[in-house]
Amino acid sequence: MATTVFEVEKVNALKPLEGKVAIVTGASRGIGAEIAKVLARNGATVVGTYNNSPKHIQDVAKVIEEEGGKFRVIQADVAKFDDTERLASEVVENFGKIDILINNAGITKDRTFRKISKEEWDAVINVNLNGVFNATKAVIKHMLDQNYGRIVSISSIVGQAGAFGQTNYAATKAGILGFTKSLALETASKGITVNAVCPGYIATEMVAAMPKEVLDNIIAKVPMKRLGTPAEVAQAVLFLVQADYVTGQAIAVNGGLYM
Ligand code: CAA
């Protein structure tokens, strides 16, 4: 029997992530906020985490709710193992499962290595790399039980190429790439894919805080001659959470700055 126009419209109206439950760490601002919005727009129930101030994430919640999306806010410091355990338990209690984890939370404490303090080193390792361990460890058992999961971690061009004044940050972002490939190997036969996205210089508060002349120099070197947008990073994340035969990969979203 021929498909009617009405039926075609109904099929098209189905959002690709309908029924999926996603966690986005660090969803208050910048790239994380945009990923949360894009996943919600595509039908996922999204749990966004913040650490310190709930103000910004309430703005994200408002946008998603106005668009008719499903969004829940949970406070969690990803650097604390117990916080991520609590986060995963709350999500499973409220929504029954966890399908998608976006490890996005990250900080910078830029300083040349000669000057960097032990505290500045530890702070960045604890959030950016131990945070990925903690959040992934908390969700993986649920994904293994259901034989399905999509894990995407936000690395950086800095993890691939290094950057002046960022030994701590670069170590974490390169660490994420090794973590991603190793966990991808361990979970490939269990319905779980593990991938990374490596943003270049994206128009966020983090990049806006760079010294102007350093940033201008970098933009001049970008083949596309501009910063990226959080939405352009979210596009890559959306692809990875829907892809079934892609694992252990790092997709660069950098305007051609590093190939
Ligand atoms: N390249 C070459 N030389 C540099 C330099 C650079 N980018 N930045 C500083 N220098 C030089 C200085 O001129 C100075 O030279 P002299 O000793 O000859 O005077 C020397 O290095 C030391 O400079 P400082 O004493 O100022 O160094 P500092 O320890 O205080 O650190 C800095 C300065 C924090 C590195 C500062 O230059 C800075 O913020 N740079 C930008 C760092 C950066 O790229 N951050 C990216 C943030 S965005 C992000 O991380 C997102 C992402 O994933 C891409």
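Quantities reported herein were computed from a predicted structural model and do not represent experimental measurements. Every residue gets a number counted from 1 within its own chain, in the order that chain's sequence is written. Under the rules for a predicted model, residues below a pLDDT of 70 receive no local features and side-chain atom pairs below 80 are neither given nor counted, while totals for whole chains, interfaces and linings still include all residues. Hydrogens and waters are ignored; side-chain quantities use all the structure's heavy atoms.

### Quick word on the pairing of strand β4 (residues 100-103)
1) Next: The cut-offs for exposure are 20% and 50% of the maximum accessible area for each residue type, with area from a 1.4 Å probe on protein chains only; residues under the lower value are buried, those over the upper are exposed, and the others partly exposed. Starting at the N terminus, helices and strands are each numbered in turn, a helix being any DSSP run of H or I of at least four residues and a strand any DSSP run of E of at least two. On β4, burial covers both faces: I100 and I102 on one face and L101 and N103 on the other are all buried.
2) Next: The pairing criterion is simple: DSSP has to find at least two bridges between the two strands. Of the strand pairs in this sheet, strand β1 (residues 21-24) and β4 are connected by three bridges, and their pairing is parallel. Along β4, the bridge assignment pairs I23 with L101.
3) Next: Summarising the sheet, β4 and strand β5 (residues 149-154) pair through four bridges and their orientation is parallel. Its bridge partner being in β5, I100 is matched across the sheet by R150.
4) Next: Whether a crossover is right-handed depends on one test, that the path from the first strand over the helix to the second runs clockwise when the strands point away from the viewer. Handedness of the crossover joining β4 and β5 through helix α5 (residues 118-146): right-handed.

### Description of helix α4 (residues 81-95)
1) Next: Given the number of residues in a helix, its expected span is that number minus one, multiplied by 1.5 Å. The first and last C-alpha atoms of α4 sit 21 Å apart over 15 residues, in line with the 21 Å expected at 1.5 Å per residue.
2) Next: Inspection of α4 places D83, T84, L87, A88 and V91 among the buried residues, and these make up the whole buried set. One side of α4 carries all its buried residues, which in axial view fall inside an arc of 135°. Exposed residues pointing more than 90 degrees away from the buried face of α4 are listed as D82 and E93.
3) Next: Residue contacts are counted whenever heavy atoms from the two residues lie within 4.5 Å of one another. Buried residues along α4 sit in contact with β1, β2 (45-50), β3 (70-75) and α5. Arc, as used here, means the arc of the directions from the helix axis to the C-beta atoms.

### Focus: the site of the ligand
1) Next: By nearness alone, 18 residues border the ligand, and D110, T112, K115, S156 and Y169 come closest of all.
2) Next: One of the side-chain nitrogen or oxygen atoms of D110 is found 2.8 Å away from a nitrogen atom of the ligand.
3) Next: The separation between an oxygen atom of the ligand and a polar side-chain atom of Q166 is 2.9 Å.
4) Next: For the ligand, the protein covers 61% of the area, taking 1100 Å² as the surface of the free molecule.
5) Next: Here the nonpolar group is Ala, Val, Leu, Ile, Met, Phe, Trp, Tyr, Cys and Pro; Asp, Glu, Lys and Arg are the charged ones; every other residue, Gly included, is treated as polar. Grouping the constituent residues of the shell around the ligand by class yields nine nonpolar, six polar and three charged. Residues are classed as near a molecule or strand on a simple rule: at least one heavy atom within 4 Å of it. For the purposes of these results, a polar contact is taken to be a pair of N or O atoms within 3.5 Å, where, inside protein, one atom must be able to donate a hydrogen and its partner to accept one; residues adjacent in sequence count only when each atom of the pair is a side-chain atom. Here the open area of atoms and residues is found with the Shrake-Rupley method and a 1.4 Å probe, where only the protein chains shown may cover a residue.

### Remarks on the UniProt feature "domain: Ketoreductase" (unreviewed entry) in the protein chain
1) Next: UniProt positions are given in the numbering used here, feature names are shortened, and annotations may be inferred rather than shown by experiment. Under the feature "domain: Ketoreductase" (unreviewed entry), the UniProt entry names residues 20-205.
2) Next: Across residues 20-205, helical content stands at 51% and strand content at 18%; the span's end C-alpha atoms are separated by 30 Å.

### As for the environment of Q242
1) Next: Looking at the secondary structure, you find Q242 in helix α10 (residues 230-242).
2) Next: A relative accessible area of 37% means that Q242 is categorised as partly exposed.
3) Next: Here Q242 is in contact with P16 and L17, once residues within four sequence places are set aside.
4) Next: Here the side chain of Q242 touches L238 through a polar contact of 3.2 Å, landing on its backbone oxygen.

### Considerations on the pattern of salt bridges
1) Next: Salt-bridge detection follows one rule: a side-chain nitrogen of Lys or Arg within 4 Å of a carboxyl oxygen of Asp or Glu. Scanning the model with the defined rule gives 15 salt bridges in all.
2) Next: With a closest N to O distance of 3.3 Å, K70 and E18 form a salt bridge. Placement of K70 in strand β3 and of E18 in the loop between α1 (5-13) and β1 is noted, with a sequence separation of 52 residues between them.
3) Next: Overall, E18 belongs to the partly exposed group, its relative accessible area being 40%.
4) Next: One salt bridge in this structure joins K97 and D99, with 3.1 Å as the shortest N-O distance.
5) Next: With a relative accessible area of 27%, K97 lands in the partly exposed category.
6) Next: A residue is classified by how much of its surface remains accessible, and D99, at 3% relative accessible area, is buried.

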